[in-house]
Amino acid sequence: MKKLGFIIIRKPFSAHTHLRQGKELADVLPSSNIYGAVVCMGNIQPPVSDFQGVRKYRAEIIRQNPQFLPILTLMLTKDTTAETLKRAREEGIRVVKFMPDAATTNALSGITLPDLEKFYPVIGEIKRLNMIFSGHWELAVDPKTGKEIPYSEREEAALPYFDKLVKAFPNMNIIFEHVSTAAAVEFIKATPANVAATITAHHISKTHKDVFGADGKIIDPHYFCYPVLKKEGDRLAVASAYANPKFFFGPDDAPHPKERKMGDKPAGGIFSPAFIALPTVLEVCEELGLVEHFERFVSLRGPTFYDLQPPPEKESRSRYCRQRRQY
Ligand code: NCD
Ligand code: ZN
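Peer 1: For this particular structure, what's the right way to read the coordination of the zinc ion (ligand 2)?
Peer 2: Put simply, the ideal angle at a metal is 109.5 degrees for four donors in tetrahedral geometry and 90 or 180 degrees for six donors in octahedral geometry. Taken together, His136 (ND1) and His178 (NE2) make up the full set of protein donors to the zinc ion (ligand 2), lying 2.0 to 2.1 Å away. Bound by four donor atoms, the zinc ion (ligand 2) shows angles of 53 to 148 degrees at the metal and therefore irregular coordination geometry. A residue pair is termed long-range when its members are at least 10 positions apart, and His136 in the loop between β5 (132-135) and α5 (154-168) and His178 in the loop between β6 (173-176) and α6 (182-189) qualify at 42 residues. Both residues of the pair, His136 and His178, belong to the buried class.

This is the structure:
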């Protein structure tokens with residue numbers, strides 16, 4: 001029988017959570033409470049795309065839990081201007097989130113990856129304001145043929161666009177969210193220090209076999225997400241990247257109502273609350289002999305990249321234990 005143990009770490013940091021809104025927000029907020037800080041994605045409806053939206057969403061979250069400190073993101077859309085960014089920055093926003101149009105759930109940016117270059121003047125403003133550009137890197141449609149790219153190939157197909165952005169904006173803080181392929185891991189390792197990537201618990205613990213049957217049909221919609229879970233070799237490459245300081249934890253906790261997950265075209269997004277995601281990451285760390293990196297991966301590198309104070313050791317230890325007992 002497996003020996004059970006425990007580990008004490010400083011407060012973990014979530015660089016990627018979808019808290020949703022309304023009743024869903026009330027349902028999922030308690031499970032995010034364990035994090036010292038949570039980057040809350042703004043792909044709600046309407047998207048959080050200006051300072052008024054930021055104020056409204058922040059107020060909605062804080063109304064549900066006055067102790068919770070969300071790090072809100074501003075969604076980059078085709079209507080974002082230098083003024084939008086300036087006002088958002090004044091409102092305390094550090095992160096601009098990019099979801100290429102049609103690539104993932106609620107991605108209503110109006111900007112496709114091949115179009116991204118047209119928005120470089122606005123992106124230059126993100127850099128000037130010392131904000132973080134955090135993006136979902138998948139190419140959904142081949143610009144040459146107009147055909148949909150298979151889910152499993154979308155991340156690799158996005159790498160040339162990512163490369164272009166990295167080269168065009170040296171020193172801008174750029175995040176490659178939820179990396180899922182060995183190719184992207186290798187690519188990111190070779191980038192300069194201003195570029196980092198986040199890793200979920202599901203991309204390192206499950207593979208495409210948990211989602212798709214041999215005929216390519218979805219067998220478990222609960223594990224359907226963007227980017228889709230990949231092959232065993234990708235899983236291992238992503239999991240081994242824990243040990244590299246450029247990678248940190250972004251669980252992409254993305255719950256959907258049951259009725260949207262079931263049916264022919266399930267919504268992409270995996271419910272991955274802290275009480276499942278953190279033990280899963282630890283288990284994979286153990287499997288790979290990388291436990292020594294666990295705290296750095298889930299608690300320390302994220303705040304460092306975000307220029308936040310790392311969680312103080314004593315206080316956070318006691319809080320983590322308190323929280324742990326609740327679950
Ligand atoms: C996320 C969602 O449901 O909002 N879905 C997903 O499959 N990952 C969006 C995202 O982070 O891409
Ligand atoms: Zn995404």
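Now, onward.
Peer 1: Explanation requested: unusual backbone geometry in the structure shown.
Peer 2: Glycine aside, the phi torsion of most residues is negative, and most peptide linkages are trans. With omega at -5 degrees, the peptide bond leading from Gln45 into Pro46 counts as cis. Within the secondary structure, Pro46 is located in the loop between β2 (37-40) and α2 (51-64). With an omega of -10 degrees, the peptide bond between Tyr226 and Pro227 qualifies as cis. Relative to the assigned elements, Pro227 resides in the loop between α7 (202-205) and α8 (232-240). One non-glycine residue, Asn171, lies in positive phi territory at about 75 degrees. With respect to the helices, strands and loops of the structure, Asn171 is situated in the loop between α5 and β6. Exposure remark for Asn171: the relative accessible area of 61% places this residue in the exposed category.

Peer 1: Before we go on, may I ask you to explain the side chain of Glu177 in this structure?
Peer 2: Inspection of the secondary structure puts Glu177 in the loop between β6 and α6. A polar side-chain atom of Glu177 sits 2.6 Å from a polar atom in the side chain of Lys97. When sequence neighbours within four positions are dropped, the list of residues in contact with Glu177 reads His16, Met41, Lys97, Ser134, Gly135, His136, Trp137 and Thr198.

Peer 1: Even after reading the chapter, I still don't get the sheet that holds strand β7 (residues 195-199), so can you show me in this structure?
Peer 2: In any sheet, the strands associate via hydrogen bonds between backbone groups, in a parallel or an antiparallel arrangement. A sheet is described by the order of its strands in space; here eight strands give the open sequence β1-β2-β3-β4-β5-β6-β7-β8, paired in parallel fashion. For this open sheet the edge positions go to β1 (13-17) and β8 (247-249), each flanked by a neighbour on one side alone. This sheet shows a mean twist of 30 degrees between the axes of neighbouring strands, independent of strand direction. Examined bridge by bridge, β6 and β7 share three bridges and lie parallel to one another. Directly across from Ile175, in β7, lies its bridge partner Ala196. On top of the sheet, α6 reaches β6, β7 and β8; it is set at about 120 degrees to β8, its chief contact.

What counts, and at which threshold
Residues numbered from 1 in each chain as written. Chains lettered and ligands numbered in written order. Predicted model: local features only at pLDDT ≥ 70, side-chain atom pairs only at ≥ 80, totals over all residues. Heavy atoms only, no water. Donors = N, O, S within 2.8 Å, 3.2 Å for Na, K, Ca; no water. Tetrahedral: all angles 85-135°; square planar, octahedral: opposite > 155°, others 65-115°. Helix = DSSP H or I, 4+ residues; strand = E, 2+ residues; numbered from the N terminus. Buried < 20%, exposed > 50% of the residue type's maximum accessible area, 1.4 Å probe, protein only. Polar contact = N/O pair within 3.5 Å; in protein donor to acceptor, adjacent residues only side chain to side chain. Contact = heavy atoms within 4.5 Å. Pairing = 2+ DSSP bridges. Axes fitted to C-alpha atoms, helices over the stretch in contact; angles between N-to-C directions.

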